[in-house]
Amino acid sequence: MRKTVRVCTPRYLQIGEGSVSCLPDILSAIGKISSPLIITDKTMVELGHVAKVQSALINQGIACGIFDETVPDPTDEVVLAALSKLEAGKHDCVIGVGGGSPIDTAKAVAVMSRYSRDIFDYRPPAEFNEPGLPMIAVPTTAGTGSEVTHHTVLVHAATREKISCRGEAFVPTAAIVDYDFTLSKPKRLTADNALDTLTHGIEAYISQKRSMYSDRMALDCMRLVGKLLDRAYADGGDREAREGLMFAATLGGLAFSNASICLVHAMSRPLGGLFHVPHGLSNAMLLPMVTEFSLESATPRYADCGRAIGFASTGDDDQTAARKLVQGLYAYNKNLEVPSIEAFGIDRREFENALGQMAEDALRSGAPNLNPRVPTKDEIIDLYRQAWSTAS
Ligand SMILES: [Fe+2]
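Remember, predicted model here, so these are calculated numbers, not experimental data.

### Points about the pairing of strand 6 (residues 151-155)
- Strand 6 sits mainly inside the fold: 5 of its 5 residues count as buried.
- As paired strands, strand 6 and strand 7 (residues 162-166) are joined by 5 bridges and run antiparallel to one another. Note on strand 7: the bridge partner recorded for valine 153 is serine 164.
- As consecutive antiparallel partners, strand 6 and strand 7 are separated by 6 residues, and within that stretch arginine 160 has a phi angle of approximately 65°, a positive value.

Shown next, in the form of C-alpha coordinates:
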(Lines give C-alpha, C1' and ligand atoms only; values in the text may rest on other atoms or scores of the structure.)
Protein backbone atom coordinates (compact mmCIF):
# COMPACT_ATOMS: atom_id res chain seq x y z
CA MET A 1 0.00 0.00 0.00
CA ARG A 2 1.45 3.36 -0.99
CA LYS A 3 1.56 6.07 1.70
CA THR A 4 0.82 8.89 -0.72
CA VAL A 5 -0.73 8.83 -4.13
CA ARG A 6 -1.04 11.44 -6.87
CA VAL A 7 -4.40 10.84 -8.49
CA CYS A 8 -4.62 11.72 -12.14
CA THR A 9 -8.00 11.93 -13.88
CA PRO A 10 -9.53 13.73 -16.88
CA ARG A 11 -10.39 17.35 -16.23
CA TYR A 12 -14.06 16.62 -17.03
CA LEU A 13 -16.09 13.44 -16.68
CA GLN A 14 -19.60 13.76 -18.12
CA ILE A 15 -21.49 10.69 -16.90
CA GLY A 16 -24.96 9.37 -17.67
CA GLU A 17 -27.60 8.82 -20.32
CA GLY A 18 -27.46 11.40 -23.10
CA SER A 19 -24.10 12.82 -21.96
CA VAL A 20 -22.93 13.04 -25.55
CA SER A 21 -25.13 16.11 -26.06
CA CYS A 22 -22.80 17.94 -23.62
CA LEU A 23 -19.82 17.56 -25.95
CA PRO A 24 -19.94 21.15 -27.32
CA ASP A 25 -20.03 22.53 -23.74
CA ILE A 26 -17.00 20.43 -22.87
CA LEU A 27 -15.13 21.73 -25.92
CA SER A 28 -15.82 25.34 -24.92
CA ALA A 29 -14.79 24.61 -21.34
CA ILE A 30 -11.47 23.21 -22.54
CA GLY A 31 -10.67 26.24 -24.70
CA LYS A 32 -10.93 27.57 -28.19
CA ILE A 33 -11.54 24.33 -30.07
CA SER A 34 -12.71 24.98 -33.62
CA SER A 35 -11.90 21.86 -35.59
CA PRO A 36 -11.94 18.45 -33.88
CA LEU A 37 -10.93 15.23 -35.61
CA ILE A 38 -13.04 12.20 -34.70
CA ILE A 39 -10.89 9.06 -34.53
CA THR A 40 -12.92 5.88 -34.83
CA ASP A 41 -13.46 2.71 -36.84
CA LYS A 42 -15.86 1.69 -39.59
CA THR A 43 -18.09 -0.32 -37.23
CA MET A 44 -18.74 2.80 -35.14
CA VAL A 45 -19.75 4.60 -38.34
CA GLU A 46 -22.06 1.73 -39.38
CA LEU A 47 -23.69 1.55 -35.93
CA GLY A 48 -24.52 5.26 -36.11
CA HIS A 49 -22.39 6.11 -33.07
CA VAL A 50 -20.22 8.54 -35.04
CA ALA A 51 -23.30 10.26 -36.51
CA LYS A 52 -24.58 10.78 -32.96
CA VAL A 53 -21.34 12.48 -31.90
CA GLN A 54 -21.18 14.46 -35.14
CA SER A 55 -24.74 15.74 -34.81
CA ALA A 56 -24.07 16.91 -31.24
CA LEU A 57 -21.26 19.04 -32.71
CA ILE A 58 -23.09 20.20 -35.83
CA ASN A 59 -26.05 21.34 -33.71
CA GLN A 60 -23.67 23.87 -32.18
CA GLY A 61 -22.08 24.84 -35.49
CA ILE A 62 -18.86 22.86 -35.00
CA ALA A 63 -17.52 21.08 -38.10
CA CYS A 64 -15.24 18.08 -37.66
CA GLY A 65 -13.10 15.66 -39.64
CA ILE A 66 -13.36 11.87 -39.40
CA PHE A 67 -10.58 9.28 -39.44
CA ASP A 68 -12.34 5.89 -39.43
CA GLU A 69 -9.47 3.53 -40.11
CA THR A 70 -8.47 2.43 -36.61
CA VAL A 71 -7.96 -1.31 -36.13
CA PRO A 72 -8.17 -3.70 -33.18
CA ASP A 73 -4.81 -3.77 -31.39
CA PRO A 74 -3.88 -0.37 -32.88
CA THR A 75 -0.53 -0.20 -34.61
CA ASP A 76 2.00 2.59 -34.94
CA GLU A 77 1.20 2.63 -38.68
CA VAL A 78 -2.43 3.53 -38.03
CA VAL A 79 -1.42 6.23 -35.56
CA LEU A 80 0.90 7.79 -38.15
CA ALA A 81 -1.89 7.71 -40.77
CA ALA A 82 -4.24 9.49 -38.35
CA LEU A 83 -1.52 12.04 -37.58
CA SER A 84 -1.21 12.84 -41.30
CA LYS A 85 -4.96 13.47 -41.48
CA LEU A 86 -4.80 15.62 -38.34
CA GLU A 87 -2.08 17.80 -39.80
CA ALA A 88 -3.57 18.00 -43.29
CA GLY A 89 -6.89 19.21 -41.82
CA LYS A 90 -5.22 21.53 -39.26
CA HIS A 91 -7.35 19.97 -36.52
CA ASP A 92 -6.91 21.30 -32.99
CA CYS A 93 -8.43 18.46 -30.94
CA VAL A 94 -9.07 14.71 -31.22
CA ILE A 95 -12.22 12.86 -30.18
CA GLY A 96 -11.84 9.10 -29.79
CA VAL A 97 -15.14 7.29 -30.38
CA GLY A 98 -15.38 3.55 -29.83
CA GLY A 99 -14.01 0.74 -27.72
CA GLY A 100 -10.48 0.63 -26.37
CA SER A 101 -8.74 0.60 -29.76
CA PRO A 102 -10.11 3.85 -31.26
CA ILE A 103 -9.66 5.61 -27.91
CA ASP A 104 -6.11 4.29 -27.52
CA THR A 105 -5.37 5.41 -31.08
CA ALA A 106 -6.75 8.89 -30.37
CA LYS A 107 -4.67 9.14 -27.20
CA ALA A 108 -1.53 8.15 -29.10
CA VAL A 109 -2.29 10.70 -31.83
CA ALA A 110 -2.76 13.48 -29.25
CA VAL A 111 0.56 12.64 -27.57
CA MET A 112 2.60 11.87 -30.69
CA SER A 113 1.50 15.19 -32.21
CA ARG A 114 3.82 16.67 -29.59
CA TYR A 115 6.44 13.99 -28.87
CA SER A 116 8.33 11.27 -30.70
CA ARG A 117 6.61 9.31 -33.48
CA ASP A 118 8.76 6.24 -32.94
CA ILE A 119 6.76 3.66 -30.95
CA PHE A 120 9.92 2.22 -29.37
CA ASP A 121 10.58 5.54 -27.62
CA TYR A 122 7.44 4.76 -25.58
CA ARG A 123 8.66 1.43 -24.15
CA PRO A 124 8.45 1.35 -20.35
CA PRO A 125 9.92 2.78 -18.20
CA ALA A 126 9.64 5.86 -20.49
CA GLU A 127 6.91 8.25 -19.32
CA PHE A 128 5.33 11.27 -20.97
CA ASN A 129 3.58 13.76 -18.75
CA GLU A 130 3.16 17.13 -20.48
CA PRO A 131 -0.17 17.11 -22.35
CA GLY A 132 -0.37 16.89 -26.13
CA LEU A 133 -3.41 18.08 -28.10
CA PRO A 134 -6.74 18.21 -26.21
CA MET A 135 -8.33 14.75 -26.38
CA ILE A 136 -11.90 13.72 -25.61
CA ALA A 137 -12.75 10.05 -25.07
CA VAL A 138 -16.23 8.82 -25.95
CA PRO A 139 -16.33 5.12 -25.03
CA THR A 140 -19.03 3.03 -26.69
CA THR A 141 -18.27 -0.13 -24.69
CA ALA A 142 -18.15 -0.72 -20.94
CA GLY A 143 -14.77 -2.32 -20.44
CA THR A 144 -11.36 -0.85 -21.03
CA GLY A 145 -11.64 2.23 -18.83
CA SER A 146 -9.29 3.81 -21.37
CA GLU A 147 -11.31 7.03 -21.08
CA VAL A 148 -9.66 7.73 -17.72
CA THR A 149 -6.31 5.92 -17.82
CA HIS A 150 -2.79 7.18 -18.37
CA HIS A 151 -1.84 4.32 -20.66
CA THR A 152 -2.33 3.49 -24.25
CA VAL A 153 -1.46 0.14 -25.78
CA LEU A 154 0.06 0.08 -29.26
CA VAL A 155 1.39 -2.74 -31.39
CA HIS A 156 4.55 -2.38 -33.46
CA ALA A 157 3.25 -3.30 -36.92
CA ALA A 158 6.32 -5.28 -38.01
CA THR A 159 7.17 -7.30 -34.88
CA ARG A 160 3.66 -7.42 -33.28
CA GLU A 161 5.20 -6.43 -29.94
CA LYS A 162 2.61 -4.76 -27.70
CA ILE A 163 3.88 -1.64 -25.97
CA SER A 164 2.08 -0.04 -23.05
CA CYS A 165 2.79 3.68 -23.41
CA ARG A 166 2.53 5.51 -20.13
CA GLY A 167 2.32 8.94 -18.59
CA GLU A 168 -0.15 11.63 -17.62
CA ALA A 169 -0.03 12.91 -21.20
CA PHE A 170 -2.20 9.91 -22.10
CA VAL A 171 -5.04 10.87 -19.74
CA PRO A 172 -7.86 12.29 -21.88
CA THR A 173 -8.69 15.92 -21.25
CA ALA A 174 -12.34 14.90 -20.90
CA ALA A 175 -14.46 11.75 -21.09
CA ILE A 176 -18.11 11.34 -22.04
CA VAL A 177 -19.45 8.22 -20.30
CA ASP A 178 -22.83 7.64 -21.94
CA TYR A 179 -24.19 4.09 -21.50
CA ASP A 180 -26.69 4.60 -24.35
CA PHE A 181 -23.92 3.49 -26.72
CA THR A 182 -23.68 0.08 -25.04
CA LEU A 183 -27.33 -0.94 -25.46
CA SER A 184 -26.64 -2.39 -28.91
CA LYS A 185 -23.71 -4.57 -27.87
CA PRO A 186 -24.00 -8.37 -28.32
CA LYS A 187 -23.62 -10.95 -25.54
CA ARG A 188 -19.99 -11.93 -26.32
CA LEU A 189 -18.81 -8.33 -26.23
CA THR A 190 -20.88 -7.60 -23.11
CA ALA A 191 -19.26 -10.50 -21.24
CA ASP A 192 -15.71 -9.84 -22.48
CA ASN A 193 -15.89 -6.15 -21.65
CA ALA A 194 -17.33 -6.77 -18.19
CA LEU A 195 -14.66 -9.40 -17.45
CA ASP A 196 -12.00 -6.90 -18.53
CA THR A 197 -13.55 -4.40 -16.11
CA LEU A 198 -13.58 -7.03 -13.35
CA THR A 199 -9.92 -7.84 -14.02
CA HIS A 200 -9.09 -4.13 -13.66
CA GLY A 201 -10.86 -4.04 -10.30
CA ILE A 202 -9.19 -7.22 -8.99
CA GLU A 203 -5.71 -6.37 -10.26
CA ALA A 204 -5.83 -2.81 -8.89
CA TYR A 205 -6.94 -4.18 -5.51
CA ILE A 206 -4.15 -6.77 -5.22
CA SER A 207 -1.46 -4.59 -6.86
CA GLN A 208 1.61 -3.70 -4.86
CA LYS A 209 1.00 -0.10 -6.04
CA ARG A 210 -2.48 0.08 -4.56
CA SER A 211 -3.58 3.00 -2.41
CA MET A 212 -6.57 4.05 -0.34
CA TYR A 213 -7.94 5.79 -3.46
CA SER A 214 -7.52 2.87 -5.86
CA ASP A 215 -8.98 0.47 -3.27
CA ARG A 216 -12.26 2.40 -3.11
CA MET A 217 -12.57 2.62 -6.89
CA ALA A 218 -11.70 -1.07 -7.26
CA LEU A 219 -14.17 -2.33 -4.64
CA ASP A 220 -17.07 -0.36 -6.12
CA CYS A 221 -16.08 -1.53 -9.59
CA MET A 222 -16.17 -5.19 -8.49
CA ARG A 223 -19.48 -4.74 -6.62
CA LEU A 224 -21.20 -3.31 -9.70
CA VAL A 225 -19.91 -6.03 -12.03
CA GLY A 226 -20.87 -8.76 -9.55
CA LYS A 227 -24.37 -7.33 -9.22
CA LEU A 228 -25.09 -6.52 -12.85
CA LEU A 229 -23.07 -8.67 -15.28
CA ASP A 230 -25.53 -11.58 -15.34
CA ARG A 231 -28.42 -9.18 -15.93
CA ALA A 232 -26.76 -7.37 -18.85
CA TYR A 233 -25.71 -10.73 -20.35
CA ALA A 234 -29.26 -12.07 -20.13
CA ASP A 235 -30.92 -8.89 -21.38
CA GLY A 236 -28.80 -6.39 -23.31
CA GLY A 237 -31.63 -3.83 -23.07
CA ASP A 238 -31.56 -3.76 -19.24
CA ARG A 239 -30.77 -0.05 -18.89
CA GLU A 240 -30.01 -0.14 -15.18
CA ALA A 241 -27.50 -2.97 -15.72
CA ARG A 242 -25.91 -1.19 -18.68
CA GLU A 243 -25.63 2.06 -16.74
CA GLY A 244 -23.98 0.31 -13.79
CA LEU A 245 -21.52 -1.63 -15.95
CA MET A 246 -20.55 1.52 -17.84
CA PHE A 247 -19.83 3.29 -14.56
CA ALA A 248 -17.97 0.20 -13.29
CA ALA A 249 -15.70 0.38 -16.33
CA THR A 250 -14.81 3.98 -15.53
CA LEU A 251 -14.23 3.10 -11.86
CA GLY A 252 -12.05 0.16 -12.90
CA GLY A 253 -10.04 2.48 -15.15
CA LEU A 254 -9.56 4.97 -12.32
CA ALA A 255 -8.52 2.11 -10.02
CA PHE A 256 -5.86 0.46 -12.16
CA SER A 257 -4.62 3.68 -13.71
CA ASN A 258 -3.85 4.98 -10.23
CA ALA A 259 -2.47 1.61 -9.01
CA SER A 260 -1.50 -0.86 -11.73
CA ILE A 261 -2.51 -3.92 -13.64
CA CYS A 262 -0.70 -7.14 -12.70
CA LEU A 263 0.00 -10.63 -14.03
CA VAL A 264 -3.30 -11.26 -15.86
CA HIS A 265 -2.88 -8.25 -18.12
CA ALA A 266 0.83 -8.89 -18.52
CA MET A 267 0.07 -12.37 -19.89
CA SER A 268 -3.03 -11.31 -21.78
CA ARG A 269 -1.36 -8.73 -24.01
CA PRO A 270 0.96 -11.16 -25.84
CA LEU A 271 -2.08 -13.34 -26.63
CA GLY A 272 -3.68 -10.32 -28.28
CA GLY A 273 -0.50 -9.13 -29.99
CA LEU A 274 0.45 -12.52 -31.48
CA PHE A 275 -2.86 -14.33 -31.86
CA HIS A 276 -5.42 -11.50 -32.07
CA VAL A 277 -7.44 -12.70 -29.08
CA PRO A 278 -9.68 -9.74 -28.10
CA HIS A 279 -8.39 -8.05 -24.96
CA GLY A 280 -11.31 -8.77 -22.62
CA LEU A 281 -11.45 -12.37 -23.76
CA SER A 282 -7.75 -13.04 -23.25
CA ASN A 283 -8.02 -11.62 -19.73
CA ALA A 284 -11.02 -13.85 -19.05
CA MET A 285 -9.15 -16.94 -20.31
CA LEU A 286 -6.36 -16.29 -17.80
CA LEU A 287 -8.10 -14.71 -14.80
CA PRO A 288 -9.12 -17.87 -12.85
CA MET A 289 -5.79 -19.70 -13.07
CA VAL A 290 -3.66 -16.60 -12.45
CA THR A 291 -5.83 -15.79 -9.42
CA GLU A 292 -5.41 -19.36 -8.15
CA PHE A 293 -1.64 -19.10 -8.67
CA SER A 294 -1.45 -15.84 -6.68
CA LEU A 295 -4.02 -16.62 -4.00
CA GLU A 296 -1.82 -17.61 -1.08
CA SER A 297 0.36 -14.52 -1.41
CA ALA A 298 -2.56 -12.15 -0.71
CA THR A 299 -5.39 -14.24 0.71
CA PRO A 300 -7.10 -11.43 2.70
CA ARG A 301 -7.10 -9.11 -0.36
CA TYR A 302 -8.50 -11.82 -2.64
CA ALA A 303 -11.07 -12.60 0.05
CA ASP A 304 -12.24 -8.98 -0.10
CA CYS A 305 -12.59 -9.35 -3.88
CA GLY A 306 -14.68 -12.50 -3.42
CA ARG A 307 -17.00 -10.69 -1.01
CA ALA A 308 -17.25 -7.54 -3.17
CA ILE A 309 -18.27 -9.51 -6.26
CA GLY A 310 -20.75 -11.49 -4.19
CA PHE A 311 -19.16 -14.93 -4.60
CA ALA A 312 -18.52 -15.02 -0.84
CA SER A 313 -20.45 -13.60 2.08
CA THR A 314 -19.29 -11.36 4.90
CA GLY A 315 -19.55 -14.38 7.23
CA ASP A 316 -16.91 -16.35 5.29
CA ASP A 317 -13.38 -16.38 6.71
CA ASP A 318 -10.59 -15.20 4.41
CA GLN A 319 -9.49 -18.67 3.27
CA THR A 320 -13.07 -19.60 2.35
CA ALA A 321 -13.85 -16.28 0.67
CA ALA A 322 -10.64 -16.42 -1.38
CA ARG A 323 -11.37 -19.98 -2.47
CA LYS A 324 -14.91 -18.96 -3.44
CA LEU A 325 -13.42 -16.17 -5.57
CA VAL A 326 -11.50 -18.69 -7.68
CA GLN A 327 -14.53 -20.97 -7.96
CA GLY A 328 -16.71 -18.00 -8.91
CA LEU A 329 -14.30 -16.89 -11.64
CA TYR A 330 -14.26 -20.39 -13.17
CA ALA A 331 -18.08 -20.41 -12.97
CA TYR A 332 -18.25 -17.02 -14.74
CA ASN A 333 -16.18 -18.41 -17.59
CA LYS A 334 -18.47 -21.43 -17.88
CA ASN A 335 -21.72 -19.48 -17.70
CA LEU A 336 -20.51 -16.70 -19.99
CA GLU A 337 -19.11 -19.24 -22.48
CA VAL A 338 -15.52 -18.03 -22.38
CA PRO A 339 -13.49 -20.41 -24.60
CA SER A 340 -10.11 -21.89 -23.68
CA ILE A 341 -7.17 -20.79 -25.82
CA GLU A 342 -7.49 -24.10 -27.67
CA ALA A 343 -11.22 -23.65 -28.26
CA PHE A 344 -10.58 -20.13 -29.56
CA GLY A 345 -8.85 -21.84 -32.49
CA ILE A 346 -5.15 -21.12 -32.04
CA ASP A 347 -2.77 -23.65 -33.62
CA ARG A 348 -1.12 -25.79 -30.91
CA ARG A 349 2.32 -25.79 -32.49
CA GLU A 350 2.32 -22.01 -33.05
CA PHE A 351 1.22 -21.55 -29.44
CA GLU A 352 3.95 -23.82 -28.08
CA ASN A 353 6.57 -22.11 -30.24
CA ALA A 354 5.48 -18.69 -28.98
CA LEU A 355 5.42 -19.54 -25.26
CA GLY A 356 8.97 -18.38 -24.55
CA GLN A 357 8.48 -15.08 -26.34
CA MET A 358 5.08 -14.49 -24.72
CA ALA A 359 6.53 -15.10 -21.25
CA GLU A 360 9.41 -12.74 -21.96
CA ASP A 361 7.05 -10.05 -23.32
CA ALA A 362 4.90 -10.45 -20.20
CA LEU A 363 7.90 -10.05 -17.91
CA ARG A 364 9.25 -7.10 -19.91
CA SER A 365 6.00 -5.19 -19.29
CA GLY A 366 7.00 -4.90 -15.61
CA ALA A 367 3.48 -5.71 -14.42
CA PRO A 368 4.32 -9.21 -13.06
CA ASN A 369 6.60 -7.53 -10.48
CA LEU A 370 3.52 -5.83 -9.01
CA ASN A 371 1.61 -9.11 -8.64
CA PRO A 372 1.31 -10.46 -5.07
CA ARG A 373 3.24 -13.55 -6.21
CA VAL A 374 6.00 -12.63 -8.66
CA PRO A 375 6.31 -15.42 -11.24
CA THR A 376 9.37 -16.84 -12.98
CA LYS A 377 9.42 -17.25 -16.74
CA ASP A 378 8.78 -21.00 -16.36
CA GLU A 379 5.79 -20.35 -14.09
CA ILE A 380 4.30 -18.01 -16.69
CA ILE A 381 4.74 -20.69 -19.34
CA ASP A 382 3.00 -23.20 -17.05
CA LEU A 383 0.08 -20.80 -16.58
CA TYR A 384 -0.26 -20.33 -20.35
CA ARG A 385 -0.32 -24.13 -20.73
CA GLN A 386 -3.03 -24.40 -18.06
CA ALA A 387 -5.11 -21.83 -19.92
CA TRP A 388 -4.60 -23.72 -23.20
CA SER A 389 -7.31 -26.23 -22.45
CA THR A 390 -9.03 -24.74 -19.40
CA ALA A 391 -11.18 -21.66 -19.27
CA SER A 392 -13.96 -22.88 -17.03
FE1 LIG B 1 -7.83 -4.36 -19.57
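On we go.
### Some thoughts on the coordination of the iron ion
- Within the first shell, the iron ion binds the protein through Asp196 (OD), His200 (NE2), His265 (NE2) and His279 (NE2), at distances of 2.1 to 2.2 Å.
- Its 4 donor atoms give the iron ion angles of 86 to 170° at the centre, a pattern that matches the irregular case.
- Counting the intervening residues between successive donors of the iron ion yields the motif D-x3-H-x64-H-x13-H. Taken together, the residues span a long stretch of sequence, with aspartate 196 in helix 6 (residues 187-206) and histidine 265 in helix 9 (residues 263-275) at a distance of 69 residues. The pair formed by aspartate 196 and histidine 265 is uniform in burial state, with each residue classed as buried.

### Brief notes about the layout of surface pockets
- The space that makes up the largest pocket amounts to roughly 880 Å³.
- Lining the largest pocket are 41 residues, and of these Gly99, Gly100, Ser101, Thr144 and His279 lie nearest its centre.
- Sorting the residues of the lining of the largest pocket by element identifies helix 2 (42-46), helix 5 (100-112), strand 6, helix 6, helix 9 and helix 10 (279-294) as the ones contributing at least two each.
- For the lining of the largest pocket, the leading source of residues is helix 6, giving 6 residues.
- Tallied by class, residues from the lining of the largest pocket come to 12 nonpolar, 20 polar and 9 charged.
- Three or more residues apiece are contributed to the lining of the largest pocket by two domains, here domain 1 (12-182) and domain 2 (187-389).

### Observations regarding the sheet that holds strand 4 (residues 93-98)
- Spatial strand order, 1-8-5-4-2-3: 6 strands in an open sheet with parallel pairing. The sheet terminates laterally at strand 1 (12-15) and strand 3 (65-67), the two strands that pair on one side only. Between one strand axis and the next, the sheet turns through 15° on average, direction left out of account.
- Along the sheet, helix 3 (residues 49-58) makes contact with strand 2 (36-39), strand 3, strand 4 and strand 5 (135-139), crossing strand 2 at roughly 170°.
- Where helix 4 (residues 76-88) meets the sheet, its contacts fall on strand 2, strand 3 and strand 4, and the angle it forms with strand 3 comes to roughly 165°.

### Points about the pairing of strand 8 (residues 174-177)
- Burial of the side chains of strand 8 extends over both faces: Ala174 and Ile176 are buried on one face and Ala175 and Val177 on the other.
- Here strand 5 runs beside strand 8; their pairing, made up of 2 bridges, is parallel. Of the residues in strand 8, the one forming a bridge with alanine 137 is alanine 175.

### Comments concerning the nonpolar core
- By size, the foremost hydrophobic cluster in this structure holds 109 residues, and its most contacted members are Ile202, Met222, Phe351 and Tyr384.
- Broken down by element, the residue count for this core peaks at 11 residues, all from helix 7 (residues 212-234).
- For this core, the domains that each give at least three residues are domain 1 (12-182) and domain 2 (187-389).
- Those residues within four positions of tyrosine 384 in sequence are excluded, and the remaining contacts are Ala266, Met267, Pro270, Leu271, Leu286, Ile341, Phe351, Leu355, Met358, Ala359 and Ala362.
- Judged by nonpolar contacts, the second largest core, of 20 residues, contains Val20, Met44, Ile136 and Ile176.

### With respect to the domain arrangement of the chain
- Taken domain by domain, the chain holds domain 1 (12-182) and domain 2 (187-389).
- Counting residues at the interface gives 26 residues for domain 1, matched by 26 residues for domain 2.
- Each partner contributes to the roughly 2300 Å² buried at the junction of domain 1 and domain 2, and carbon and sulfur atoms together form 57% of this total.
- Connecting domain 1 to domain 2 are 3 salt bridges.
- Taken together, the connections running from domain 1 to domain 2 amount to 10 residue pairs in polar contact (both at pLDDT 80 or more).
- Those elements that provide at least two residues to the side of domain 1 that touches domain 2 are strand 1, strand 6 and strand 7.
- With 3 residues, the single largest contributor to the side of domain 1 that touches domain 2 is strand 7.
- Partitioned by chemical class, the residues of the side of domain 1 that touches domain 2 number 8 nonpolar, 9 polar and 9 charged.

### What to know about helix 15 (residues 377-389)
- Every buried residue belonging to helix 15 is among Ile380, Ile381, Leu383, Tyr384, Ala387 and Trp388, and all of these are buried. Buried residues of helix 15 fall within an arc of 160° about the axis and therefore sit on the same side.
- Those residues of helix 15 hidden inside the fold are in contact with helix 9, helix 10, helix 13 (341-344) and helix 14 (348-364).

### Here's the deal with empty space enclosed by the protein
- Tallied over the full model, the rule gives 3 cavities of 30 Å³ or more.
- Approximately 230 Å³ is the volume attributed to the largest cavity.
- In terms of lining residues, the largest cavity is bounded by 19 residues, among which Glu161, Lys162, Ile163, Asp361 and Ser365 are the most central.
- Listing elements by their share of the lining of the largest cavity, those giving two or more residues are strand 7, helix 9 and helix 14.
- Among the elements that line the lining of the largest cavity, the one with the most residues is helix 9, at 6 residues.

Reading the values: rules and limits
- Residues numbered from 1 in each chain as written.
- Predicted model: local features only at pLDDT ≥ 70, side-chain atom pairs only at ≥ 80, totals over all residues.
- Heavy atoms only, no water.
- Buried < 20%, exposed > 50% of the residue type's maximum accessible area, 1.4 Å probe, protein only.
- Helix = DSSP H or I, 4+ residues; strand = E, 2+ residues; numbered from the N terminus.
- Pairing = 2+ DSSP bridges.
- Donors = N, O, S within 2.8 Å, 3.2 Å for Na, K, Ca; no water.
- Tetrahedral: all angles 85-135°; square planar, octahedral: opposite > 155°, others 65-115°.
- 1 Å grid on protein atoms, 1.4 Å probe; cavity = no way out; pocket = protein on both sides within 12 Å on 5 of 7 lines; lining within 4 Å.
- Points joined across faces, edges and corners; volume = space filled by probe spheres on them.
- Nonpolar A, V, L, I, M, F, W, Y, C, P; charged D, E, K, R; others polar.
- Domains from an automatic or database assignment.
- Axes fitted to C-alpha atoms, helices over the stretch in contact; angles between N-to-C directions.
- Contact = heavy atoms within 4.5 Å.
- Core = buried A, V, L, I, M, F, W, Y, C linked by side-chain atoms within 4.5 Å.
- Buried area = accessible area lost by both parts, 1.4 Å probe.
- Salt bridge = Lys/Arg side-chain N within 4 Å of Asp/Glu carboxyl O.
- Polar contact = N/O pair within 3.5 Å; in protein donor to acceptor, adjacent residues only side chain to side chain.
- Arc of directions from axis to C-beta.

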